[in-house]
Amino acid sequence: QSVLTQPPSVSAAPGQKVTISCSGSSSNIGNNYVSWYQQLPGTAPKLLISENSKRPSGIPDRFSGSKSGTSATLGITGLQTGDEADYYCGTWDGSLSAVVFGGGTKLTVL
Amino acid sequence: QLQLQESGPGLVKPSETLSLTCTVSGGSISSSSYYWGWIRQPPGMGLEWIGSIYYSGSTYYNPSLKSRVTISVDTSKNQFSLKLSSVTAADMAVYYCGRTTTPGYYYYMDVWGKGTTVTVSS
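Source: prediction; values computed, not measured.

Counting from both sides, the interface comprises 23 residues of chain B and, opposite them, 20 residues of chain A. Summed over both partners, the interface of chain B with chain A comes to about 1600 Å²; 68% of that surface belongs to carbon and sulfur atoms. Linking chain B with chain A are zero salt bridges. Looking at the side of chain B that touches chain A, the elements with two or more residues in it are β4 (35-41), β5 (48-53), β6 (59-61) and β10 (109-112) of chain B. A per-element tally of the side of chain B that touches chain A places β10 of chain B first, with three residues. Among the residues forming the side of chain B that touches chain A, the class breakdown is 15 nonpolar, five polar and three charged.

And the structure:
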């Protein structure tokens, strides 16, 4: 049971837009920045979004992040088959004094 | 370009100590502002934070693992290491090392190693 809650799976057609939610509480998302990671099959995770909405160099602007209250959202527009991956949200939990992650969301591009 | 590479035994016996090393290349482990950390991923499951270390030796550990974990740094070799004692089957995972921000309100891991698989079996 992960501290942060993500939907197990989402799907959409190529070219469409999808959002992935990450729900937490005031001890984690509500008072800390959220990061998002993409894990392509058989590879290490890669940072997609830091500090709620910042994209590292090299990450296309098709990827966006936002936060409101105790929830965060990853948005992906112009879906490509290469976007098929597992996506994880993460943040600090002040009550646990630990970094916590969501259980991951598998994106399928139909 | 900063790169990290995990190394260590892929097979550990139950009750023994798992030892992994992460070698940093393309940059100095003594860089200010960054920590160096470990995250693991059991087969078919999500990510679990293990802990992070600063080049000075300051550490943060996951409370759920703290009693069994030691992370150390060797600046002369540009390496940091993970030791996890009394391993069980629950410790089988892919172990990733990476560069992180200070564990706290704006934590993230921005550079990841490729990961190394650890199996626990007699």
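Don't stop here, the text continues.
Turning our attention to unusual backbone geometry. The phi dihedral of Glu-51 of chain A falls on the positive side, at around 45 degrees, and the residue is not glycine. You can see Glu-51 of chain A is positioned in the loop between β4 (46-49) and β5 (63-68).

Each pair of aromatic rings is reported with the distance of its centres and the angle of its planes. With the rule as written, the count across this model stands at 13 aromatic pairs over all chains. For the ring pair Tyr-54 of chain B and Tyr-55 of chain B, a centre distance of 4.6 Å and an interplane angle of 50 degrees mean the geometry is tilted. Ring geometry for Tyr-96 of chain B and Trp-112 of chain B: centres 5.6 Å apart, planes at 75 degrees, overall edge-to-face. Linking Tyr-96 of chain B in strand β9 (residues 93-100) with Trp-112 of chain B in strand β10, this pair joins segments that are 16 residues apart in sequence. Tyr-96 of chain B gets classed as buried once you look at its relative accessible area, which sits at 3%. Trp-112 of chain B gets classed as buried once you look at its relative accessible area, which sits at 12%. Through a chain of ring-to-ring contacts, three or more aromatic side chains come together here, namely Trp-92 of chain A together with Tyr-35, Trp-49, Tyr-54, Tyr-55 and Tyr-60 of chain B.

If you add up the space inside the largest pocket, you get close to 450 Å³. Mapped by element, the contributors of at least two residues to the lining of the largest pocket are β4 of chain A together with β10 of chain B. With three residues, the single largest contributor to the lining of the largest pocket is β10 of chain B. Among the residues making up the lining of the largest pocket, the classes are represented as nine nonpolar, five polar and four charged. For the second largest pocket, the calculated volume is near 390 Å³. Forming the walls of the second largest pocket are 18 residues, and the residues nearest its centre are Gln-1, Ser-2 and Phe-101 of chain A together with Leu-47 and Glu-48 of chain B. Those elements giving two or more residues to the lining of the second largest pocket turn out to be β8 (98-101) of chain A together with β5 of chain B. At four residues, β8 of chain A tops the list of elements feeding residues into the lining of the second largest pocket. Considering only residue class, the lining of the second largest pocket consists of 10 nonpolar, seven polar and one charged.

The rules behind each value
Residues numbered from 1 in each chain as written. Chains lettered and ligands numbered in written order. Predicted model: local features only at pLDDT ≥ 70, side-chain atom pairs only at ≥ 80, totals over all residues. Heavy atoms only, no water. Contact = heavy atoms within 4.5 Å. Buried area = accessible area lost by both parts, 1.4 Å probe. Salt bridge = Lys/Arg side-chain N within 4 Å of Asp/Glu carboxyl O. Helix = DSSP H or I, 4+ residues; strand = E, 2+ residues; numbered from the N terminus. Nonpolar A, V, L, I, M, F, W, Y, C, P; charged D, E, K, R; others polar. Phe/Tyr/Trp six-rings, centres within 6.5 Å; stacked < 30°, edge-to-face > 60°. Buried < 20%, exposed > 50% of the residue type's maximum accessible area, 1.4 Å probe, protein only. 1 Å grid on protein atoms, 1.4 Å probe; cavity = no way out; pocket = protein on both sides within 12 Å on 5 of 7 lines; lining within 4 Å. Points joined across faces, edges and corners; volume = space filled by probe spheres on them.

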